[in-house]
Amino acid sequence: MKATVTVMLKNGVLDPQGEAVRRALGSLGFEGVEGVRQGKVIELDLSSLDRAAAETEVRAMCEKLLANTVIESYRIEIA
Amino acid sequence: MKAAVVVFPGSNCDRDLAVALRNAGADVTMAWHKDAALPAGTDLVAVPGGFSFGDYLRCGAIAAQSPIGAAVQAHARRGGYVLGVCNGFQVLTEMGLLPGALMRNAGLKFICRTAALRVATSDSAFTGSFEQGQLVRFPVAHHDGNYFADPETLARLRGEDRIAFTYADPLNGSVEDIAGVLSSNRRVLGLMPHPERAADPGHGGTDGQALFRGVVEQFAVV
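To start, this report covers the structure provided alongside it. Here the structure is a predicted model, which means the values were calculated and not measured.

With that settled, consider the overall build of chain B. If you tally the helices and strands in chain B, you get six helices and 11 strands. For chain B, the C-alpha radius of gyration of 15 Å lies close to 17 Å, the compact-globule estimate for 222 residues. Expressed as lengths along the three principal axes of its C-alpha atoms, the size of chain B is roughly 40 × 40 × 35 Å. By residue count, 57% of the 222 residues in chain B fall in the buried class. Expressed as a percentage of contacts within chain B between residues at least 6 apart in sequence, the contacts between residues at least 24 apart total 73%.

Here you go:
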């Protein structure tokens, strides 16, 4: 089973890297990019066959290590 | 007074921190990240700067979960003193011992220079040897020193007089120019600038000595 965790800065937290990417896109001539937020994607290969148990486990991983919930939010997809 | 300096793979300034503490009169032992316990009788844990675990995932995130990390958290919960410098500050926020988080510098550049700081409170063992409002000069060397805390947390920090140091001029985008904060019991201090790099005349400045002297003398009094 594969879990994909997407970690993003929370809304309201300024993202200096996203802002730099937005400006770079503008200087390359790409118009109309009003905002860029940069995050990270973490893929996990899990031995679990139980989807619900896997989701609970991955949520615990996010809370403990994968995301810093002071500044980041996370989304889990299990496939 | 017994101090333990924690060493992670990728730590630097750990020996500088040990020298500064020794010169202030502390008995210093180094503690390896795989150790499950601190040296017996540790009064102060110092978490050094550097790039622990290569700054992988987030600065300080993996160090915070290391075996010695649990011992440092237990030490703080017992009311023990903890000092985190630079990456050490990031580790302490990741452990939840200090509020807020350190994000990428607003200008995206690694900043390596001496910065003027204002001592925002003299009400702690670490800052008691300074005058409130005093200007001091400590080197800074970081890429992720942009302090963030939500408005409620900031209001609490201000209300409880827990902002320890601020940058005299905006440096890295930190909210309210915060350079260092204290825990609610005032025994845990995290700061991005390096007092241990301003603790010997050979460093070009000795403003940092008072910080180490303050915390070591705390134990001489008791």
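A few words on unusual backbone geometry. All names here are of chain B. Its identity as a non-glycine residue notwithstanding, F53 has a phi of 50°, on the positive side. In this fold, F53 is placed in the loop between β3 (44–47) and α2 (61–64). The class for F53 is buried, based on 21 C-beta atoms found within 10 Å. Phi angles above zero are rare outside glycine, and R186 is one such case at about 65°. Looking at where R186 falls in the secondary structure, it is placed in the loop between β10 (178–182) and β11 (188–191). Classification of R186 by C-beta neighbours within 10 Å gives partly exposed; the count is 19.

Before going further, it helps to examine the sheet that holds β10(B). All names here are of chain B. If you trace the nine strands from one edge of the open sheet to the other, you get β2-β1-β3-β4-β11-β10-β9-β6-β7, paired in mixed fashion. Of all the strands in the sheet, just β2 (27–32) and β7 (135–142) have a single pairing partner and so form its edges. Mean inter-strand twist for the sheet, computed between neighbouring axes without regard to direction, equals 20°. Judged from the three bridges that link them, strand β1 (residues 2–7) and β3 form a sheet pairing that is parallel. Bridged to A3 within β3 is L44. On the sheet, helix α4 (residues 87–95) packs against β3, β4 (81–85) and β11 and is oriented at approximately 125° with respect to β4.

The next subject is the sheet that holds strand β1 (residues 2–9) of chain A. All names here are of chain A. With antiparallel pairing, the three strands of this open sheet are ordered in space as β2-β1-β3. Each of the sheet's edge strands pairs with one partner strand only, and the pair in question is β2 (40–45) and β3 (72–78). Here the strands of the sheet are splayed against their neighbours by 20° on average, with no regard to which way each runs. Bridge count for β1 against β3 is seven bridges, and the pairing is antiparallel. Bridged to T4 within β3 is E77. On top of the sheet, helix α2 (residues 51–66) reaches β1, β2 and β3; it is set at about 155° to β3, its chief contact.

Residue and element names in this part refer to chain B. As for its position among the elements, V82 is in strand β4. Taking the number of C-beta atoms within 10 Å as the measure of exposure, V82 has 24 and is therefore buried. Through-space distance from the C-alpha of V82 to that of L92 is 8.9 Å; in sequence the pair is 10 residues apart.

Core analysis: the largest hydrophobic core is formed by 82 residues, its most contacted members being B:V5, B:V6, B:L21 and B:V82. What B:V5 contacts, discounting residues up to four positions off in sequence, is B:D14, B:L17, B:A18, B:V28, B:M30, B:A31, B:A46 and B:P48. Core analysis: the next-biggest nonpolar cluster, separate from the first, contains seven residues, A:A3, A:V5, A:A67 and A:Y74 among them.

At the interface, eight residues of chain A touch 12 residues of chain B. Tallying contributions element by element places helix α1 (residues 16–27) of chain A first for the side of chain A that touches chain B, with three residues. Tallied by class, residues from the side of chain A that touches chain B come to six nonpolar, two polar and no charged.

Our next topic: the pairing of strand β9 (residues 163–167) of chain B. All names here are of chain B. Counting buried residues in β9 gives four out of five residues, a clear majority hidden from the surface. The pairing of strand β6 (residues 111–119) with β9 spans three bridges and is antiparallel. Within β9, the position partnered with L117 by the bridge is Y167. With three bridges connecting them, β9 and β10 associate as antiparallel partners. Bridge pairing in β10 links F165 to G180.

Attention now goes to the environment of B:V188. Residues and elements named next belong to chain B. Examined against the element boundaries, V188 turns out to sit in strand β11. Residue classification places V188 among the buried positions, given that 26 C-beta atoms sit within 10 Å. Through-space distance from the C-alpha of V188 to that of L97 is 7.5 Å; in sequence the pair is 91 residues apart. Discounting residues that sit within four places of it in the chain, V188 has contacts with A76, V82, L92, L97, L98, L182 and S183.

About the thresholds
Residues numbered from 1 in each chain as written. Chains lettered and ligands numbered in written order. Predicted model: local features only at pLDDT ≥ 70, side-chain atom pairs only at ≥ 80, totals over all residues. Helix = DSSP H or I, 4+ residues; strand = E, 2+ residues; numbered from the N terminus. Rg over C-alpha atoms; globule rule 2.2 N^0.38 Å. Buried ≥ 20, exposed ≤ 12 C-beta atoms within 10 Å, placed from the backbone. Contact = placed C-beta atoms within 7 Å. Pairing = 2+ DSSP bridges. Axes fitted to C-alpha atoms, helices over the stretch in contact; angles between N-to-C directions. Core = buried A, V, L, I, M, F, W, Y, C linked by C-beta atoms within 7 Å. Nonpolar A, V, L, I, M, F, W, Y, C, P; charged D, E, K, R; others polar.

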